[in-house]
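An overview of the molecular structure
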Amino acid sequence: MCGIIGIITNKKRNLVPELISSLRNLEYRGHDSTGIAVIDGNTLKRIRRVGAPSDVLEEGEVSRELGIELRPFSIGIGHNRWATHGKPSERNAHPHVDCENKIAIVHNGTILNYEILKKALMLEGHVFSSDTDTEVVAHLIEQGIKDGKSFLDAFLESITLLEGSFGLAVCSVDSPDRILIAKRGSPLSFGIGKDSLVVASSANAILPHTNTFITLEDGEYAELVSENDGVRYSIGNFVDKSIDIAKNPTVIENFSLDELSKGEYGSFMEKEVHEQPSVLRTTILGRYDTKAGDAVLGGLIDYEDKLATAKQILTVACGTAHNASQVGGVLIETLAGIPVRSEIASEFRYKKIPLSPKRVVLFAVSQSGETADTLESVKEAKRKGYETFGIVNVVGSSIAKMVDAGVYTRAGIEIGVASTKAFISQLGIFYLLALKLARERGMTAPEGQDFISELEEMPEHIQKVLQNIEEQIRDYAKKCVAQNIQTINFLGRGIHVPVSNEAALKFKELTYIEAGSYPLGELKHGPMAIIDEKTLSVVLMPKDEVFALSKNSIEQIRSKGGDLLIITDVEGAKELEGSGLNLLVIPTLKNPLFYPLIEIVPLQLFAYYYSRELGHNVDKPRNLAKSVTVE
Ligand code: M6R
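Given the structure is predicted, the values throughout are model-derived calculations rather than measurements. Counting restarts for each chain, with residues numbered from 1 along the sequence as it is written. Reporting of local features is limited, given that this is a predicted model, to residues whose pLDDT is at least 70; pairs of side-chain atoms are given and counted only at 80 or more, and all residues count toward the totals for whole chains, interfaces and linings. Processing note: side-chain calculations cover all non-hydrogen atoms of the structure and skip hydrogens and water entirely.

Points about the overall build of the chain
- If you tally the helices and strands in the chain, you get 20 helices and 26 strands.
- Since a compact globule built from 631 residues should have a radius of gyration of about 25 Å, the 26 Å found for the chain is in line with a globular shape.
- If you line up the chain on its principal axes, its C-alpha atoms span 80 × 55 × 45 Å.
- Note on classification: 1.4 Å probe, protein chains only; a residue is buried when its accessible area is under 20% of the maximum for its type, exposed when over 50%, partly exposed between these limits. Buried residues in the chain amount to 60% of all 631 residues.
- In this description, contact between two residues means that some pair of their heavy atoms is separated by no more than 4.5 Å. Intrachain contacts of the chain at a sequence separation of at least 6 include 71% that bridge at least 24 residues.
- Put simply, the chain shows about 23,900 Å² of open surface, and 49% of that area lies on carbon and sulfur atoms.
- Taken as two groups, the 68 positive and 84 negative side-chain charges of the chain have centres that lie 2 Å from each other. Helical segments are the DSSP runs of H or I of at least four residues, strand segments are the runs of E of at least two, and each set is numbered from the N terminus. Our radius of gyration is a C-alpha quantity, and the globule rule it is checked against amounts to 2.2 Å times the number of residues to the power 0.38. Surface exposure here means Shrake-Rupley accessible area, sampled with a 1.4 Å probe, where a residue is shielded only by the protein chains that are shown. Under this rule, positive means Lys or Arg and negative means Asp or Glu; His and the chain ends count for nothing. Note that the charge is assigned to NZ on lysines, CZ on arginines, CG on aspartates and CD on glutamates.

What follows is the structure, given as C-alpha cells:
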C-alpha cells in the first residue's frame, strides 16, 4: 500500500538513479502512479507520473526534466502510489507540496480526519491542488512554520493532529539538511550508511544501500540529518514526547542483491514459483529432530507448556495466508486432534467469539507482517488476553514484533504481488507445528520419524512437479484462453478444499476473471446449476480416502457437459485411465496429508500462464498491492 523512499547524503550527487531504482524495488507496494521531489539549491523540484516507475521513470529523462542532470544534491524523496483518496492521476500522485512549493511530503497510510483539517486550512487561505488525504500534512506544516515554529516542531505538531495511519517522509527547502520521518500504523525503516541515510517503507528498498537499518515503532519519529563530516539521526516519540531514544539497528547478514532481481526469469512470480523447492528446504532446515521424530521450533520454545495444554487453536490471517492457515487447521485437527478455528482477520476483529482465552492460542499468519487487518486482530486478541504467536516472513515486521512469540517462515523476499513461495513456506511451518502438537498428544516417535522423512522429501517432489508439468500446464492454459472459458471452479474435498481456495485466489488476481472454489460435494447443492460446456472445473483428487467419492462427483459434472481438468497422482491416474478426462499427474505420496505442497504448484502455474496469455502484468496485477496496510 504505497511505497516511500527518501535519501539524504553528505556526498552530494545526482540521487535520481538511486531514487528510481528504489522505487522500482517498491513497485509491489503500489504502482498506479509515482513521483520524486528533490531539493536543488533553494528550489524544490518535483516530477509525477501515472504508471509504475519501471514504465514511466527513466533516469536520464527525469534528471533532465528536473534540470539537475549534472548538478549534485543531497536530498530526494519518492513515492509509489496505491490510490485510496482520489483516483490515480498526476495531480494526486505524491510527493505533495504546500502552497509555496517549499515543503514536500510522501505518505503511506490513510488520514481519516483529513476533510476537517482541510476545511480549517482552507479557511486560513491554503490552496489545495490534489484530492488526496496526504496533502493536508504539507499545509499543516506550512501553517506551523508560518506561526513561528521550527520545521521539526511544526512537523511534530502536525502529526499529532492526524487520525489514521501514516508512514511519512518530509523535506523542506528551508531546512535542506534534513528529512523528517514518522510512523503510526504503516511500516517505516531507515538504513544507516557511511555517508547516507535511506528511509523506506520496506527493507527491500534499503538493502541495496546498506544492510543495517532501524525500524520505527508506532509513535516514533526521526530526524535524518546530513552534516559536513557525515550523517546523523535522532529518534523521538511524538506520543510520550521522549527524545533521543536509543535503538539497536538490525543487521541483515548474507543478503544477496539477487533476491531483488528476476535473474534468469521473465517475472518475479515465475522466479518465486521456481524457488519453492529451495524455500521449503530453508523453511524446515534445523527445525526437527529426526531421532526424536519431533519438530524443534526455537521461537516457540518458551511456550511449549502452553502449546501442550492448548485445547483450541485460532488462526487469523488474510488471503493466501488464510488459505495456508486452513490447510494448517486440517493438519492440526487430523494429527493432533485439537480443534482449529481459522478466521479471516478483517472479520475476527469485529466478531464476538465465544472462546475464553484460557487454553486457546492464537497464530497470526502473514508474509509481510504488516497487513493491517491481521495486525489489528493481534492487538485485539492481546487486549482480550489471548497468547499470540506469529508465523511471519519479514523479520522485524510489525506483527513479528507484536506477538508474544513466533516462527519465521524464511521464504526470502517475495516481490510478486501474487503470493507463491510464501504460501509454501507457511505450509512448511504448519507441517512442523502439527507434528509438534501431535507428538505432545500421542503420536509416537516412529510415526514422527516417518512424518519427518516424508516432509524432507517434499522439496524434491515439488521440483519434479515443476519439471514434469510446466509445459503441459502452459499449453493447457493457452487452450483455455482460446476456448474462451467463461466460468472456472476449483474443487476438492478435505484438505484439498483450502488448496482449491488458494488456486481460485491466484486465478482471480492474475487473470481478472471470477473463479469459484467449493468443496466438491457441495456442488450439487447449488453451484452445479452453472455447469455447462463453457465452464471449466479443476478438480483436486489424488488417490486418497475420498477418491471414490470424488470420482462420483466428476461424473456428475461431466454429465452436465462441463469441461474438466483433473489433478491427480500416479495411482489416481491409473484408475482414471481410459476415462477420456484431461489429467495432470503429480507424484504419489505415502502420506496424503502432504498433497497440498505439490498440488498447488500446477495451479499457480495455470494462473500464471493464463494471465500471460491474456497479456496481463503477472507481477503487478491491477488494483492490488503486495502489502495491504490499510483496513
Ligand atoms: O502479507 P500477508 O501475508 O499478511 O498478506 C495477506 C494477503 O494480502 C495476501 O496473502 C494476498 O492475498 C496475496 N498477495 C494473494 O496472492
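Let's talk about helix α15 (residues 421-439)
- One less than the number of residues in a helix, times 1.5 Å, gives the span that helix is expected to have. Look at α15: 27 Å from first C-alpha to last across 19 residues, which is about the 27 Å you get at 1.5 Å a residue.
- Along α15, 18 of the 19 residues are buried, which leaves the element largely enclosed by surrounding structure.

A look at the site of the ligand
- Taken together, 14 residues sit near the ligand, with Ser366, Gln367, Ser368, Thr371 and Glu509 positioned nearest.
- Here a polar contact means two N or O atoms within 3.5 Å. Within protein one must be a hydrogen donor candidate and the other an acceptor candidate, and residues neighboring in sequence count only if both atoms are side-chain atoms. Val417 places a main-chain nitrogen or oxygen 2.7 Å from a nitrogen atom of the ligand.
- Glu509 is positioned such that a nitrogen or oxygen atom in its side chain is 2.5 Å from an oxygen atom of the ligand.
- Contact with the protein chains hides 91% of the accessible area of the ligand, taken as 410 Å² for the molecule alone.
- As defined here, a cavity is a set of points on a 1 Å grid over the protein atoms alone where a 1.4 Å probe fits but cannot get out. A pocket is an open set with protein on both sides within 12 Å along at least five of seven lines, and residues line them when an atom is within 4 Å of a point. Think of it this way: if more than half of a molecule's atoms are within 2 Å of a pocket's grid points, that molecule is in the pocket or cavity. For the ligand, the cavity whose grid points lie within 2 Å of the majority of its atoms is the second largest pocket.
- A domain assignment, automatic or from a database, supplies the domain bounds used here. Looking at which domains feed residues into the shell around the ligand, each of domain 2 (265-443) and domain 3 (461-618) supplies at least three. Whether a residue is near a molecule or strand depends on its heavy atoms: if one lies within 4 Å, it is near.

Some remarks on the domain arrangement of the chain
- Parsing the chain into structural domains produces domain 1 (3-255), domain 2 (265-443) and domain 3 (461-618).
- Contact with domain 2, which involves 25 residues of that partner, is made by 23 residues of domain 3.
- Carbon and sulfur atoms supply 71% of the area that domain 2 and domain 3 bury against each other, a total of about 2,100 Å² over both sides.
- Put simply, a salt bridge is a Lys or Arg side-chain nitrogen that is within 4 Å of an Asp or Glu carboxyl oxygen. Joining domain 2 to domain 3, the criterion identifies zero salt bridges.
- Where domain 2 touches domain 3, the interface holds nine residue pairs in polar contact (both at pLDDT 80 or more).
- Looking at the side of domain 2 that touches domain 3, the elements with two or more residues in it are α8 (268-274), α9 (276-284), α11 (319-336) and α15.
- Each residue gets one label: Ala, Val, Leu, Ile, Met, Phe, Trp, Tyr, Cys and Pro are nonpolar, Asp, Glu, Lys and Arg are charged, and the others, such as Gly, are polar. Considered class by class, the residues forming the side of domain 2 that touches domain 3 number 14 nonpolar, ten polar and one charged. Buried area counts how much accessible surface, traced with a 1.4 Å probe, disappears from two parts once they are put together, with both parts' losses summed.

Description of the layout of surface pockets
- Grid points are joined across faces, edges and corners, and a volume is the space filled by probe spheres set on the points. Considering only enclosed or pocket space, the largest pocket measures out at about 760 Å³ in volume.
- Along its surface, the largest pocket is lined by 37 residues, and Ile252, Asn393, Val394, Val395 and Ile413 are the ones closest to its centre.
- Of the residues in the lining of the largest pocket, the class split is 15 nonpolar, 15 polar and seven charged.
- When residues of the lining of the largest pocket are sorted by domain, at least three fall in each of domain 1 (3-255) and domain 2 (265-443).
- There is about 590 Å³ of room inside the second largest pocket.
- Contributing to the lining of the second largest pocket are 27 residues, with Cys318, Gly319, Thr320, Lys626 and Val628 lying nearest its centre.
- When we break the lining of the second largest pocket down by domain, the ones giving at least three residues each are domain 2 (265-443) and domain 3 (461-618).

Some words on the side chain of Asp563
- Among the structural elements, Asp563 can be located in strand β25 (residues 563-569).
- Nearest to the buried, unbridged Asp563 among oppositely charged side chains is Lys479, at 5.1 Å.
- Within polar-contact distance, the side chain of Asp563 engages the side chain of Gln483 at 3.0 Å.
- The residues touching Asp563, leaving out its near neighbours within four places in the chain, are Gln483, Ile485, Asp532, Thr535, Leu536, Ser537 and Asn582.

Digging into the sheet that holds strand β1 (residues 3-13)
- In this analysis, strands are considered paired if DSSP registers two or more bridges between them. Reading across from one edge, β3-β2-β4-β1-β10-β9-β11-β14 is the order of the eight strands in this open sheet, with antiparallel pairing throughout. The open sheet has two edge strands, β3 (43-50) and β14 (250-251), and neither has a second partner.
- Of the pairings in the sheet, the one linking strand β2 (residues 33-40) to strand β4 (residues 73-81) comprises six bridges and is antiparallel in character. For Val38, the partnering residue across the bridge sits in β4 and is Gly76.
- Set on the sheet, helix α3 (residues 59-66) makes contact with β2 and β3; between it and β3 the angle comes to about 135°. Here an axis means a line fitted to C-alpha atoms, over the contact stretch when the element is a helix, while the angle between two N-to-C directions is reported on a 0 to 180 degree scale.

Structural notes on the pairing of strand β7 (residues 164-172)
- Of all nine residues in β7, eight are buried, a share of seventy percent or more.
- Sheet analysis places strand β6 (residues 103-111) next to β7, joined by nine bridges and oriented antiparallel. Bridging from a neighbouring strand, Ile105 pairs with Val170 of β7.
- Bridging between β7 and strand β8 (residues 175-184) involves six bridges; their strand directions are antiparallel. Looking across to β8, one finds that Gly167 is bridged to Lys183.
- The antiparallel hairpin formed by β7 and β8 contains two residues in its connecting segment.

Description of the pattern of salt bridges
- Tallied over the entire structure, the rule returns 36 salt bridges.
- Among the salt bridges present, the one from Arg341 reaches Glu343, with a minimum N-O distance of 2.7 Å.
- Given a relative accessible area of 28%, Arg341 falls into the partly exposed group.
- Through salt bridges with shared partners, a single network forms among Glu217, Glu220, Lys247 and Lys401.

Comments concerning the packing of aromatic side chains
- Aromatic rings from Phe, Tyr and Trp, with only the six-membered ring used for Trp, were paired whenever their centres fell within 6.5 Å, and each pair was classed as stacked if the ring planes differed by under 30 degrees, edge-to-face if by over 60, and tilted otherwise. According to the stated counting rule, one finds 13 aromatic pairs in the structure shown.
- Where Phe190 meets Tyr233, the ring centres are 5.0 Å apart and the plane angle is 65°; that geometry is what we call edge-to-face. With Phe190 in strand β9 (residues 189-192) and Tyr233 in strand β13 (residues 230-237), the pair connects residues that are 43 residues apart, well separated along the chain.
- Classification of Tyr233 by relative accessible area gives partly exposed; the value is 30%.
- Summarising the aromatic geometry, the rings of Phe507 and Tyr610 are spaced 4.8 Å apart at their centres and angled 75° between planes, so their arrangement reads as edge-to-face.

Notes on the packing of helix α5 (residues 135-146) against helix α6 (residues 151-160)
- Contact pair α5 / α6: the axes reach a minimum separation of 8 Å and the direction vectors enclose 130°. Judged by the angle between their axes, α5 and α6 are oblique. Here α5 and α6 pass one another in a crossing that is right-handed. Seen from α5, the contacting residues are Leu140, Ile141, Gly144 and Ile145; seen from α6, they are Phe151, Ala154, Phe155 and Ser158. Our angle categories are set so that under 35 degrees counts as roughly parallel, over 145 as roughly antiparallel, 65 to 115 as roughly perpendicular, and the remainder as oblique. Two helices that cross are described as forming a left-handed crossing if the nearer one is turned anticlockwise from the farther one by less than a right angle, and a right-handed crossing if clockwise.

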